Each structure stands twice: as C-alpha cells, then as structure tokens.
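As a plain string of letters, each chain reads:
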Amino acid sequence: MKTLTVNNVCILTAEIVSGVVVITSKDTVHHQGISLTMEGSVNLQLSAKSVGVFEAFYNSVKPIQLISCNVEISKQGKLPSGKTEIPFEFPLQMKGNKVLYETYHGVFVNIQYTLKCDIRRSLLAKDLTKSCEFIVHSLPQKGKLSPSPVDFTIAPETLQNIKEIAGSHVLHQNWSLNCCLLNICKILPSH
C-alpha cells in the first residue's frame, strides 16, 4: 500500500471525513479484505520531568475512546497490478455521549484522530497496514472572546533552556499577533 490520503486534513466537527486509499503494486495482490478504521482518543502522557503523584495518577488512567468506526471497503479478492484507488467517506460522529474535542498535542494530554487501512492477506503473506492522522477543529464561537492584539519579544533573555554558545548570533525579534485565538487551518501571518 503506497498511500492513505484524506482529502482535507483539517476537518470541522460534524463534517464527513473523506479521501482515497491508493494501492500501488508491481504484481496482482490477493487479499482477504480491505478495512478502514477511524479512531479518536484522549491519552494522558507522562513527562520525564514529572514524577510522584502525577505518575501514580497516570498509571491508573486508560485512554478515553472518542470515536471508533470500522468499515470494510473491499471484500476478499484481488487487486490488479499498477495503481488502484478506493474512495471512502466517514461521518464524524461521537461514540455514545462523548464530546468531540479538537486535536491537541500537549505536554500531558494528547487528543488524536487517525485513519488506519488494513489489507488482510493469507497466512503466508504479511498483512499490510498504513495509517495517517487528521486534524479536527471546531468553528470559532462568536461572542465569547473579543480578539485583542498581543505583542511579544523573542530574545535570549526571554527564552528558557537555551545554553549560550560562543559565537552564536544574538536573536532579538519583536512580534505581534492580532489575537490569541488562531485558526489551526490558516497560515500564521507574520509582519
């Protein structure tokens, strides 16, 4: 399997995840079925710096499953040599009464959404698996916060965990953000 592509990597809540599974092979591929799994989960991750109470809490918390959906996109058969494209669509629906959180990769918490394609093959051939992450975000809620500009400076004295290196260039940049709330699907403007 060459690629697993999601049409729009940044998905709004309550939309449809769609894309194409592209399989490229030199020879005909016999398979026992092709399935696609969409999963979303909240994971607590431990930082190397934190030990003690937080570590004890971490060991007792299991990942929280937000979405789990499995669809067979091709029944048992064979794929011709060359390039085969199989389109797919999934509605972005929560599992039970769970809330669909935005994608987040933080120090202690990870909220991640993935698509995984499995090509099951006979006992003598190894199964093929490919996965990719897609980003989920919510539309901005109007009226909650009014945007206000934020000015900041990046300089050696404002940075943490940076060792001074002899002969290195002195970095001093002044920046301004139009607001503290940014759309993750848009490019960050620079001035």
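What you see is a predicted model; the values in this text were computed from it and never measured. Every chain begins its residue count from 1, and numbering advances along the sequence as written. pLDDT decides what is reported in this predicted model: residues at 70 or higher carry local features, side-chain atom pairs at 80 or more are listed and counted, and totals for whole chains, interfaces and linings draw on all residues regardless. In computing side-chain values, all of the structure's heavy atoms are included and hydrogens and water are not.

Caption draft 1: Examining the pattern of salt bridges more closely. Any carboxyl oxygen of Asp or Glu that lies within 4 Å of a side-chain nitrogen of Lys or Arg is treated as forming a salt bridge with it. Considering all chains together, one arrives at 3 salt bridges under this definition. Glu72 serves as the salt-bridge partner of Arg120, at 3.3 Å between the closest nitrogen and oxygen. Of this pair, Arg120 sits in strand β10 (residues 109-120) while Glu72 sits in strand β6 (residues 64-74), placing them 48 residues apart in sequence. We call a residue buried when its accessible area falls under 20% of the maximum for its residue type, exposed when it is over 50%, and partly exposed in between, using a 1.4 Å probe and counting protein chains only. Note on Arg120: relative accessible area 30%, which makes it partly exposed. Note that Lys116 is salt-bridged to Asp118, the shortest N-O span being 3.9 Å. In this text, helices come from DSSP runs of H or I with a minimum length of four residues, and strands from runs of E with a minimum of two, each type numbered from the N-terminal end.

Caption draft 2: Examining the state of the cysteines more closely. Only a pair of cysteine sulfur atoms within 2.5 Å qualifies as a disulfide here. This structure, assessed with the given rule, holds 0 disulfides. Looking at Cys117, it has no disulfide partner, and the nearest cysteine sulfur is the one in Cys132, 9.8 Å off.

Caption draft 3: A look at the nonpolar core. If you look at the biggest cluster of nonpolar residues, it comprises 24 residues, and the most contacted ones within it are Val17, Met38, Leu92, Tyr113, Leu115 and Phe134. Counting only elements with at least two residues in this core, the list comes to β3 (16-25), β5 (33-44), β6, β8 (82-91), β10 and β11 (128-137). If you tally residues by element for this core, the top one is β10, at 5 residues. Residue contacts are defined here by distance: any two heavy atoms, one from each residue, within 4.5 Å place the two residues in contact. The residues contacting Met38, other than those within four sequence positions of it, are Val17, Ile67, Ser68, Cys69, Phe90, Pro91, Leu92, Thr114, Leu115 and Phe134. Take the buried residues of types Ala, Val, Leu, Ile, Met, Phe, Trp, Tyr and Cys, join any two whose side-chain atoms come within 4.5 Å, and each joined set is a nonpolar core.

Caption draft 4: Summary view of the pairing of β5. Counting buried positions over the 12 residues of β5 gives 10, a clear majority of the element. Whether two strands pair comes down to DSSP finding at least two bridges between them. The pairing of β5 with β10 spans 12 bridges and is antiparallel. Bridge pairing links Thr37 to Lys116 in β10. Pairing analysis gives 9 bridges linking β5 to β6, with the strands arranged antiparallel. If you follow Ser41 over to β6, its bridge partner there is Gln65.

Caption draft 5: Region of the structure containing the environment of Leu92. Counting through the fold element by element, Leu92 comes out in the loop between β8 and β9 (104-105). The class of Leu92 is buried, set by a relative accessible area of 5%. A sequence separation of 54 residues divides Leu92 from Met38, and the C-alpha atoms of the two residues are 9.2 Å apart.

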